[in-house]
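# Descriptive analysis of the structure
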Amino acid sequence: MADPTKPTIDYSYTGFQQEQQEFPFPGTQLDNDLANLVNSVDQTIDALKDVRRADGALKNGIVTNDSLSPDLLIGIEAPTDWAPSTAYNINSTVYEGDAIYRATVSHLSGASFATDLANGKWEKIVDFSALTDAAAASAAAAAVSETNAAGSASSATTSAATATTQAGIATTKAAEASADADAAAVSAAAAEAVLAGAGATGLALLEAETGAEAFEIAVPDDAITGVKIADESEGLSSILLKLGIDRAPDALPKTPQYTPTSSISETRVLINGSTENGGSPVYHRHFGSIIRDHTGVLHVFYRRALGHATYFEGDLCHVSIDHDGNERSAETVILAHGTDRDLHSPMAVVTPSGRIVLTFCDVQMPSAGNSVDLRSMYSDDNCGSWSSPTTFYTDDLSRTYGQPRIVPSDVAGERWRILQPWYGRDAGGTNRRIGIFESTDNGEVFADLATPIYEGADLTLSETSIACLNAKVWFAAMRKNGGRLHWAVTTNAGASWTAPTVVTWGTTLDIAPSLDIIFSRGVPFLLLGYCDRSTDQTKWRWAKASSLMTNAEAMGKLAAVTSAADMIEASGYQVPYIYPNGQMLFVEFEEYVYGGGGISDPAGSDVRLVWANPGAWVDGHEFSFTPTIVGASTPGSPTGVNTGTISKDANGLVSGNLRIALTSKGGMVGQLKLGLPYTNKTGNRYRSGATVTFFDNVSLPDYSVPMPFMPGGSSTIDLWRTYNGGSGTSTVGPATISAIHVDDDFVIEMVFSYFTDD
């Protein structure tokens, strides 16, 4: 049959899914491409049968003399008679006397073969002397037998002919013996030649992870830049990577096998700063990240020094852990600091080729000059060894911050690129610059994108994390020194950004943002983690990506979830790894000061591995919130204990309960309104009710009862009352419940549900 057709993927399913999000998956294109792949593999199998038997051996009779060169037919180069003053190459063969010799070195022959032989320039490979001696003996015997001259002569002639024939047979056998040794290799080459086509390197039978046999198509070296040709150690899933499917690790992502004691999060101490290394010295470990390699192993990178600030020389360190965090490797220094240098903020990413790329800051200590080098290095063997670091930017302020991101490229001819956010100064050294370095060659070289996220003198923005929804839509969360977090969006792959927008939720001490994307029922959500230094807590917020395109406030609709409440002077640096099921693992660095002062003093820290389940948060996990109560005419300042729980799923269904227990009405006037975190959908058809389960210390006229009501487009439950059909004389319709109807110790409890677009 003809050479097999190489399979191609002519449609990007990942790109479609990311850009379309809530539209159906392109099944027709997927079926078409999978059919093409099946057809190509079928053709390849059929082609393989042309040269291979079912038992794995070559088919009988397919290697013929016509397929082989004359040299291979006899196993050696065809011999010639030896001659003086002749150039011979290594392995050249000659006849000399009753033997065939092979040259051991390239040389110019001398006047005597014997001299060259004695000098080790030749070695004997075939000896015919025994056969020629037998022929001579036969001839001598014929001469002696004069009485049988005719018969002896005939016998001698026959013997001589036999000897000559045997000599020829011996030569042929020697050639056949050598040819047999090469036959398998020659046949294998012939088989590969049958399969080779348009640069293909062949087909190999591999064992898949399930133990079943599977075919893996080897890709030509130049087919995918930066991707190594498949070998027998790779699993079936690597086919997906080489065929352009974005995430195809050799081992499928494993779900953390935790049994959390809390529905919010669970923390394990990975490195105890007070006892590691025998407790002396007590190291400060900080500024780090966590990634998962293509075999399922987690890697944690961080800076290790004697204190937090850049008054201490710091090394880059690493530990690896299994996917549960149960087994941890020994701590290793992957890069030691130079004199008066502090290495910190190692941020890692695993590229589609399996390479681990690490970016970091090499900071000169203040006493030596304050210059900063932004550097990178990489490992192709899962942190077994590293390339030499290269510097891609230098000034006196810059820092890399935020995990690098792999994003599909929107440039023709490029498959994907690495994006590394950074902050520093512009080339002139006058403006603050928040930018992105990119690498389009698998982490070899980084270059600054022409358009920064922000550049100017009015905002002191610094730590920035980005999340990429697809090739063009990226989000950025930025820390402002002494201010609240800021937000920016690009819809054209960084060619332009919205002006940074300050968020009103949170505090002016929110730092170290980390931004990730998680999916719930195909809907993308942005997950924001940060450290609130006003309370020493690590907090998390989330919102639909679509709502954050134009409204940074959407992230603050729900009270933040706290995953740690003891982050004393910590900067967080959580940088989570998100699993496909919505769970995540991240690293926290809990600091403790023992010098009596602030973070500039020598300080230790614990490295903690934290499990959390943001997928459950997004899908409607129930959280506490504080409902409000105000008067419609005069809000007042009521006091009391107000509590509630609320949840919102990916479809926008909000449900919950609340309890208002006043101690003072605080001057409220007018209809009472209860405030909730989410806004009801707009429109009359979305008017919603609630059910009062208990109320006390209220005086309602006309035998009426409470009737809570939530208008469309509102975030308050308005309190109404209606006639209950009792024995009273009034038949009044719905009317408001106002502050005049309740006492200072008014209590009401209710349950509610409605839909929101928040």
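These numbers were taken from a predicted model, which means no experiment stands behind them.

What follows is about the overall build of the protein chain. Assigned secondary structure in the protein chain consists of 9 helices and 44 strands. With 758 residues in all, the protein chain has 47% of them scored as buried. Within the protein chain, residue pairs in contact and separated by at least 24 positions form 55% of the contacts whose partners lie at least 6 positions apart. Looking at the protein chain as shown, the accessible area adds up to about 33,700 Å², and 52% of this sits on carbon and sulfur atoms.

Our focus in this paragraph is a negative patch on the surface. A contiguous patch of negative charge on the surface is contributed by D696, D743, D744 and D745. With 3 residues, the single largest contributor to the negative patch is strand β44 (residues 742–755). Structurally, the position occupied by D745 is in strand β44.

Each aromatic ring pair is characterised by the separation of its centres together with the angle its planes make. Enumeration according to the criterion identifies 16 aromatic pairs in this entry. On the basis of an interplanar angle of 35 degrees and a centroid distance of 6.3 Å, the ring pair of F752 and Y754 is categorised as tilted. Of the two residues, F752 and Y754, neither departs from the other in class, the shared state being buried. Members of the aromatic cluster, each reached through a chain of ring pairs, are W82, Y88, Y101, F113 and W122.

Before going further, it helps to examine unusual backbone geometry. With glycine set apart, most residues show a phi of negative sign, and most peptide bonds adopt trans. Unusually for a residue other than glycine, S85 sits at a positive phi of about 50 degrees. Mapping S85 onto the fold places it in the loop between β1 (80–81) and β2 (87–88). The exposure class assigned to S85 is exposed, which follows from its relative accessible area of 60%. Positioned with a positive phi, F287 is a non-glycine residue whose angle comes to about 50 degrees. Inspection of the secondary structure assignment puts F287 in strand β10 (residues 284–292).

Turning our eyes to something else, we now look at the nonpolar core. Nonpolar side chains in soluble globular proteins tend to be buried together. F746 and F752 are the most contacted members of the largest nonpolar core, which has 26 residues in total. Ranked by the residues each element gives to this core, the list is headed by β44, at 6 residues. Formed by 24 residues, the second largest nonpolar core is a distinct cluster that contains Y401, L419, I436 and V575.

The next point concerns the sheet that holds strand β27 (residues 501–502). Taken in spatial order, the 4 strands line up as β24-β25-β26-β27 in an open sheet, and their pairing is antiparallel. The sheet terminates laterally at β24 (461–468) and β27, the two strands that pair on one side only. As paired strands, strand β26 (residues 486–490) and β27 are joined by 2 bridges and run antiparallel to one another. Following the sheet pairing, H486 is matched in β27 by V502.

On to the side chain of Q403, then. Position of Q403 relative to the elements: it lies in the loop between β18 (399–400) and β19 (405–408). Engagement of the side chain of Q403 in a polar contact is seen with the backbone oxygen of I290, the distance being 3.5 Å. In this structure the side chain of Q403 is engaged in a polar contact, spanning 3.1 Å, whose partner is the backbone oxygen of A348.

Attention shifts here to the environment of A457. Here A457 shows up in the loop between β23 (454–456) and β24. Placed 24 residues apart in sequence, A457 and R433 show a C-alpha to C-alpha distance of 8.8 Å.

A complete count under the given rule lists 20 salt bridges for this structure. Of the charged contacts, one joins E123 and R102 as a salt bridge, the two residues approaching to 3.5 Å between their closest N and O atoms. On the criterion of sequence distance, the pair formed by E123 in strand β6 (residues 122–127) and R102 in strand β4 (residues 99–103) is long-range, its members being 21 residues apart. Here R304 and E331 are joined by a salt bridge, their closest N and O atoms 2.8 Å apart. You can see R304 sitting in strand β11 (residues 298–305) and its partner E331 sitting in the loop between β12 (315–321) and β13 (332–335), a full 27 residues away along the chain. The exposure class assigned to R304 is buried, which follows from its relative accessible area of 13%. Three or more residues are tied together by salt bridges with common partners; here these are R341, D362, D373 and R375.

Here we take up the environment of G644. If you trace the backbone, G644 turns up in strand β37 (residues 639–648). Spatially, the C-alpha atom of G644 lies 5.6 Å from that of S624, the residues being 20 residues apart in sequence.

Within the open sheet, the 4 strands sit side by side as β10-β11-β12-β13. Their pairing is antiparallel. Pairing within the sheet leaves two strands with one partner each, and these edge strands are β10 and β13. Averaged over neighbouring strand pairs, the angle between their axes works out to 35 degrees when direction is ignored. Inspection of the sheet shows β12 paired to β13 by 3 bridges, in the antiparallel sense. By the bridge assignment for β13, L316 is matched with L335.

On to the confidence of the model for the protein chain, then. Scored by pLDDT, the protein chain comes out at a mean of 75, with 69% of its residues at no less than 70. Under a pLDDT of 50 for its full length, residues 151–160 has, in the predicted model, 8 contacts with residues more than four places off or in other chains. Contacts for the low-pLDDT stretch residues 172–255, under 50 throughout, to residues beyond four places or in other chains number 131 contacts.

Another point: the environment of A57. Topologically, A57 is positioned in the loop between α2 (27–49) and α3 (70–74). A residue is classified by how much of its surface remains accessible, and A57, at 27% relative accessible area, is partly exposed. Apart from the residues within four sequence positions on either side, A57 is in contact with V51 and R52.

Reading the values: the criteria
Residues numbered from 1 in each chain as written. Predicted model: local features only at pLDDT ≥ 70, side-chain atom pairs only at ≥ 80, totals over all residues. Heavy atoms only, no water. Helix = DSSP H or I, 4+ residues; strand = E, 2+ residues; numbered from the N terminus. Buried < 20%, exposed > 50% of the residue type's maximum accessible area, 1.4 Å probe, protein only. Contact = heavy atoms within 4.5 Å. Areas by Shrake-Rupley, 256 points an atom, 1.4 Å probe, with all protein chains shown as cover. Patch = residues over 30% accessible without salt bridge, like charges linked within 9 Å, V, L, I, M, F, W, Y side chains within 5 Å. Salt bridge = Lys/Arg side-chain N within 4 Å of Asp/Glu carboxyl O. Lys, Arg positive; Asp, Glu negative; His and termini not counted. Charge placed at Lys NZ, Arg CZ, Asp CG, Glu CD. Phe/Tyr/Trp six-rings, centres within 6.5 Å; stacked < 30°, edge-to-face > 60°. Core = buried A, V, L, I, M, F, W, Y, C linked by side-chain atoms within 4.5 Å. Pairing = 2+ DSSP bridges. Polar contact = N/O pair within 3.5 Å; in protein donor to acceptor, adjacent residues only side chain to side chain. Axes fitted to C-alpha atoms, helices over the stretch in contact; angles between N-to-C directions. pLDDT = per-residue confidence, 0-100.

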